[in-house]
Amino acid sequence: MLADLKTFAALGAYGCGVVAALTAQNTRSVTGIHEVPPAFLRLQLDTLFDDVRIDAVKVGMLASAELVRVVAEALRRHRPRFVVLDPVMVAKSGDRLLRADAVAALRSELLPLATIVTPNLPEAGDLLERPVSEALADMRSAAAALQALGAQAVLVKGGHGTGRTVVDVLRDGPDTIELSAPRIATKNTHGTGCTLSSAIAALLPQRSTVADAVRDAREYLLGAIRASDELEVGSGHGPLNHFHEVWPRSRAVTGEPA
Ligand SMILES: Nc1ncnc2c1ncn2[C@@H]1O[C@H](COP(=O)(O)OP(=O)(O)OP(=O)(O)O)[C@@H](O)[C@H]1O
Ligand SMILES: [Mg+2]
């Protein structure tokens, strides 16, 4: 969520946040998850929606089926224009972030409310209950199948592939396009998915098509991954550099005081 807020801020959006679950985590692992009581999640959502004009919602880690249902209900009641659903299931460290029994609730309750859903390859597989490989034909058919489950648009992300080029597949209406970029060699990939989905949420109200928002969100993400090695945070998968366009590069590189 902290990465989400930085992304919103960097892309000209004012972010508000609602916590579904607290995590104890560092760049190496997630050591604990503390779920918020469902009624308190509902209160957070209703309180914000009652006051603030919400242009777009990004949904991230939800932990349990009950929390999935609370978010779906709130979205149906408050009807925000754009909903970006990042179906977070497993952290980069391999730790499980959504209970296995919550996948069905996410599929049936939240997918149909999504302007766009952004699964990585394993998440696309879990949602469809079949393996999804990095083969382009597989990614394309997964995107179409997830759209058939009710999402308006689908971005199947290829970060977990192994090729020299990373390819994401975007299905929007009847169109399928591939978005590719050279794979950046870095271990600092903590929150790539969170950052991308938040960037899409920040840009959807500022662009005229989903494809334009996704393209510009990927540009921002790639810049943040490329500049991630300028930060030294933790010894595992470090974070991205969300303010790569704002912070003076030379100081970040040389370590001189600002
Ligand atoms: N090394 C890399 N170089 C370039 N792009 C990358 C790299 N790793 C991931 N990406 C891009 O980052 C985005 C997130 O993809 P990924 O498949 O890693 O999502 P994710 O598994 O949900 O991430 P996270 O584990 O942070 O939730 C995609 O647009 C993908 O193409
Ligand atoms: Mg992810």
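All values reported here derive from a predicted model rather than from experimental measurement.

Topic: the overall build of the protein
Of the regular secondary structure elements, the protein holds nine helices and eight strands. The C-alpha atoms of the protein give 18 Å as radius of gyration, which agrees with the globular expectation for 258 residues (18 Å, within 12%). In terms of overall dimensions, the protein has C-alpha extents of about 50 × 45 × 40 Å along its principal axes. Residue pairs at least 24 apart in sequence account for 66% of intrachain contacts in the protein once pairs closer than 6 positions are excluded.

Quick look at the packing of helix α1 (residues 2–10) against helix α7 (residues 192–203)
Interaxial distance between α1 and α7 falls to 8 Å at its minimum, and their mutual angle equals 40 degrees. Here α7 runs oblique to α1, going by the angle between their axes. Read as a crossing pair, α1 and α7 show a hand that is right-handed. In contact with Ala-3, Asp-4, Thr-7 and Phe-8 of α1, α7 contributes Cys-194, Thr-195, Ser-198, Ala-199 and Ala-202. Counted by class, the contact of α1 with α7 contains five nonpolar, three polar and one charged residues.

Some words on the sheet that holds strand β8 (residues 175–182)
Two pairing modes exist for strands in a sheet, parallel and antiparallel, and in both the strands are linked by backbone hydrogen bonds. Strand order across the open sheet formed by six strands is β3-β4-β5-β6-β7-β8, with mixed pairing between neighbours. The open sheet has two edge strands with one neighbour each: β3 (56–59) and β8. Where strand β5 (residues 116–117) lies against strand β6 (residues 153–156), two bridges are found, and the strand directions are parallel. Counterpart to Ile-116 in the pairing with β6 is Ala-153. The sheet contacts of helix α6 (residues 136–148) involve β5, β6, β7 (165–172) and β8, and relative to β7 the element is tilted by about 30 degrees.

A word on the pairing of β7
The two faces of the sheet receive side chains in turn, since in a regular strand these alternate between them. Examined bridge by bridge, β6 and β7 share four bridges and lie antiparallel to one another. From the neighbouring strand, Leu-155 faces β7, where its bridge partner is Leu-170. The turn linking β7 back onto β8 is made up of two residues, and Gly-173 within it adopts a positive phi angle of 60 degrees.

A short note on the site of ligand 1
Taken together, 20 residues lie around ligand 1, and Asn-120, Lys-157, Gly-159, Ile-184 and Gly-193 are the ones closest in. Where the shell around ligand 1 is concerned, the elements lending two or more residues are β7, α7 and α8 (210–226). The greatest single-element share of the shell around ligand 1, amounting to four residues, is contributed by α7.

Here we look at the packing of helix α2 (residues 38–51) against helix α3 (residues 65–78)
Where α2 contacts α3, the axes come no closer than 9 Å and their chain directions differ by 25 degrees. In terms of axis orientation, α2 runs roughly parallel to α3. Helix-helix and strand crossings are classified by hand; for α2 and α3 the assignment is right-handed. Facing Pro-38, Leu-41, Arg-42, Leu-45, Asp-46 and Phe-49 of α2, the residues of α3 in contact are Glu-66, Leu-67, Val-70, Ala-74 and His-78. Taken together, the residues of the contact of α2 with α3 sort by class into seven nonpolar, one polar and three charged.

Comments concerning α3
For α3, built from 14 residues, the straight-helix expectation of 20 Å at 1.5 Å per residue is met to within 8% by its first-to-last C-alpha distance of 20 Å. If you check which residues of α3 are buried, you get Leu-67, Val-68, Arg-69, Val-70, Val-71, Ala-72, Ala-74 and Leu-75.

As for unusual backbone geometry
The phi angle at Ala-63 is positive, at roughly 70 degrees, despite the residue not being glycine. Note that Ala-63 resides in the loop between β3 and α3. Non-glycine residue Glu-129 carries a positive phi angle of around 55 degrees. When you line up the elements, Glu-129 lands in the loop between α5 (121–128) and α6.

Calculation rules
Residues numbered from 1 in each chain as written. Chains lettered and ligands numbered in written order. Predicted model: local features only at pLDDT ≥ 70, side-chain atom pairs only at ≥ 80, totals over all residues. Helix = DSSP H or I, 4+ residues; strand = E, 2+ residues; numbered from the N terminus. Rg over C-alpha atoms; globule rule 2.2 N^0.38 Å. Contact = placed C-beta atoms within 7 Å. Axes fitted to C-alpha atoms, helices over the stretch in contact; angles between N-to-C directions. Parallel < 35°, antiparallel > 145°, perpendicular 65-115°, else oblique. Left-handed = near helix turned anticlockwise from the far one by under 90°. Nonpolar A, V, L, I, M, F, W, Y, C, P; charged D, E, K, R; others polar. Pairing = 2+ DSSP bridges. Near = placed C-beta within 6 Å. Expected span 1.5 Å × (residues − 1). Buried ≥ 20, exposed ≤ 12 C-beta atoms within 10 Å, placed from the backbone.

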